[in-house]
Every structure is written in structure tokens, then in C-alpha cells.
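Read off the chains here:
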Amino acid sequence: MKRKWWLLGGCLVLIALLAGGVWWRQSRPNTIARPARHNRVQRQDASATSVKEVKATPWLKLKQPLKLPILMYHSISSGNQLRVPKKQFTAEMAYLKQHHYRTLTTAEAIRALTTNTVPQKKVVWITLDDAYKDNLTNGLPALEKYNLHATINVITGFTHKTNHLSLAQMKEMKATGHVDFASHTVQHLNLDELTATQQKQELVKSKQLLDSQLDQNTKMLCYPAGRANATTHRLAKQSGYQIALTTQEGFATMKQGRYNLSRLRVTPGMTTATFADLIAVTNR
Ligand SMILES: [Zn+2]
């Protein structure tokens, strides 16, 4: 008899322990895991919203065709009419920052021109032709200091020259996020004096080098000395470029033709007031 009662008692204790264990396992997620899960859901929601917001950042649709100021620089040094001294360049970058200009990337400039929209009212596109080494030593510090962006037009056959940026330097500059690179052909020849076959080589080979070396799809072409003809425009399109820049003076508008866009030349000795007038435009 004693043994029977002992067994029964043992069974009851066991049942109580099992029931207690089940209760404890059920109650634990309710008290500990639930708030954690709740937080996780909240975090997911927050990140989903922010991604959506970035994607859906609305650009302003303009009523009138966009007039885009595209600045044209070359070397950031002194010595001739094509060179803008470092001090002047830095002052101009400071002006853009202080006056809340948005400096467009190539992709943003293409989007702005082709959709007639802008990320904000005051926009400017900074371009530097020929890819001089001083763009890195004298230009990049100002871009970084004022958090601005510029596009450098590369002569791909010149990347081994002492005064020009090497491919390694271009990669270094691209990695900063303050610079992107477009084509200024292979040899910097007047395209309108070449045969169609020669022109095609200049357009295609420079694009291929930039695409492969900088891991990008090069969408902009800048004509050496601004020289181009109808064949150049046709071949630029055929080669995969979406827009092309000239040296004609003025704001860029799509009315000029997407392979014939004007720019604003920045000259040495230009005062900041003249610079301000040069880029002042009302886009509505
Ligand atoms: Zn050039």
C-alpha cells in the first residue's frame, strides 16, 4: 500500500512539474519575446518607409523648359585663359554652397534635362574638361570641403601623361562620391574633321575604357573644342551616349538638341559677382 501511495504521489509531482514547464514555456514568449518581435516589426516598417521616401523623392516639374547652367572648367591652376586658379575655384565652390545650389551628377543632369524636372530650384552642373592632375590636387579639396559634385571629361588616350589623371587617380576620386567621369574622346581631335569611321572609334573606344575601368555605363560625351557635326550626333546616339556637350556659350536647353548642349565658360580673374550673374537663372 505504502508503495502505491508513493507511486501516485510521484506521478502527481511529475504532472505538476510538466504542467509548470508547459506554462513557463508558453508564458516566456509572451513576456520576453513579444516586445522584441514588436520592435523588430517597427524597425522593418521604419526602414521600408525610409527606402520608399528616398525612391519617391519628388522632383519639381517645370512649366517652362529647363535652362541648366553647365559650368565649363579645365585646369585648376594659373597660366593661361583656360586655367582657373585654385583660389578662384575654391571661392566659386564656396559661393555655390553658401547660396544653396545643388550640384548635379551626370545621371541627375540627364534626368533633369530629359524629364524637365529638377531636384530643387537652384541647380548647376560643374564640368571640368581634359582631366588634368590638378583637378585632384587643387579641385577635389574644395568639392569635399563644400560637399559638392563635379563631372570630369576624360581624354582616355592621355591617362598615362604626367599632367593628366591616371586611371588609379580617377578611381580614387570616384570613390569619394564627389566626382564622376564622362568621355572627352580618345585623342582629343576635332571630330568634325574626321571620317565617320574615325569618329566612331573615338566615341566607342573612350566609352569602353571608362565603362570597364570605372565600372559604369558612360552616358555623356563632351566634344573636344566643342567641334561636332551631324554625323557626330548620330554616332554619339548609336554609341550609347544620352547627351553631349559643346563649348557654345549659354544655358543648356533641350531645344538645342540633346547632342548639342551649351555651357558657361568660367574664365580666370572672373569676380565672384560675375560668377553669380553667370549662373543666375529663373526656372519655373
Ligand atoms: Zn578638351
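Student: I'd love a proper account of the overall build of the protein, names of residues and values included.
Tutor: Secondary structure assignment for the protein yields eight helices and ten strands. Scored against the burial criterion, the 284 residues of the protein give a buried share of 32%. Here the contacts in the protein between residues at least 6 apart in sequence split such that 67% fall between residues at least 24 apart.

Student: Describe the nonpolar core, with residues and values.
Tutor: Grouped together as the largest cluster of nonpolar side chains are 59 residues, with contacts concentrated most on Leu68, Ile70, Leu71, Leu221 and Ala244. With five residues, the single largest contributor to this core is strand 5 (residues 123-129). If near-sequence neighbours (up to four positions away) are discounted, isoleucine 70 is found in contact with Trp125, Thr127, Leu245, Ala252, Leu261, Arg263 and Leu264.

Student: Before we move on, could you go through unusual backbone geometry and cite the residues and values that matter?
Tutor: Despite not being glycine, threonine 185 shows a phi value in the positive range, around 70 degrees. Locating threonine 185 in the fold gives a position in the loop between strand 7 (179-183) and helix 6 (196-214). With 24 C-beta atoms counted inside 10 Å, the residue threonine 185 sits in the buried group. For histidine 188, which is not glycine, the phi torsion reads 60 degrees and is therefore positive. Structurally, histidine 188 can be placed in the loop between strand 7 and helix 6. Using a count of 18 C-beta atoms within 10 Å as the deciding quantity, one classes histidine 188 as partly exposed.

Student: Summarise the pairing of strand 10 (residues 261-265); cite the residues concerned and give the values.
Tutor: Judged by how many residues are buried, strand 10 sits mostly within the fold: four of five residues are covered. Across two bridges, strand 2 (residues 70-73) lies against strand 10 in parallel orientation. Looking across to strand 10, one finds that methionine 72 is bridged to arginine 265. With two bridges connecting them, strand 9 (residues 243-249) and strand 10 associate as parallel partners. Bridge pairing in strand 10 places leucine 245 opposite leucine 261.

Student: How would you summarise the packing of helix 2 (residues 86-98) against helix 8 (residues 272-279) if you had to cite specific residues and measurements?
Tutor: Between helix 2 and helix 8, whose axes approach to 10 Å, the crossing angle comes to 55 degrees. The orientation of helix 2 with respect to helix 8, classified from their angle, is oblique. As helix 2 runs across helix 8, the sense of the crossing is right-handed. Counted together, Ala91, Glu92 and Tyr95 of helix 2 and Thr272, Phe275 and Ala276 of helix 8 form the full contact between these two elements. Grouping the constituent residues of the contact of helix 2 with helix 8 by class yields four nonpolar, one polar and one charged.

Student: Account for the pairing of strand 9, with residues named and values stated.
Tutor: Here strand 8 (residues 220-222) runs beside strand 9; their pairing, made up of three bridges, is parallel. When the sheet's bridge partners are listed, cysteine 222 is paired in strand 9 with leucine 245. In this fold, the crossover linking strand 8 to strand 9 by way of helix 7 (residues 230-238) has right-handed handedness.

Student: Account for the packing of helix 2 against helix 4 (residues 134-145), with residues named and values stated.
Tutor: Their axes nearest at 9 Å, the elements helix 2 and helix 4 cross at an angle of 20 degrees. With respect to each other, helix 2 and helix 4 are oriented roughly parallel. Handedness of the crossing formed by helix 2 with helix 4: right-handed. Facing helix 2, whose interface residues are Lys86, Phe89, Thr90 and Met93, helix 4 presents Asn138, Gly139, Ala142 and Leu143.

Student: Account for the environment of glycine 250, naming residues and giving values.
Tutor: Relative to the elements of secondary structure, glycine 250 occurs in the loop between strand 9 and strand 10. In this structure, the C-alpha to C-alpha distance between glycine 250 and isoleucine 279, residues 29 residues apart in sequence, is 9.5 Å.

What counts and how
Residues numbered from 1 in each chain as written. Predicted model: local features only at pLDDT ≥ 70, side-chain atom pairs only at ≥ 80, totals over all residues. Helix = DSSP H or I, 4+ residues; strand = E, 2+ residues; numbered from the N terminus. Buried ≥ 20, exposed ≤ 12 C-beta atoms within 10 Å, placed from the backbone. Contact = placed C-beta atoms within 7 Å. Core = buried A, V, L, I, M, F, W, Y, C linked by C-beta atoms within 7 Å. Pairing = 2+ DSSP bridges. Axes fitted to C-alpha atoms, helices over the stretch in contact; angles between N-to-C directions. Parallel < 35°, antiparallel > 145°, perpendicular 65-115°, else oblique. Left-handed = near helix turned anticlockwise from the far one by under 90°. Nonpolar A, V, L, I, M, F, W, Y, C, P; charged D, E, K, R; others polar. Right-handed = clockwise from strand over helix to strand, strands pointing away.

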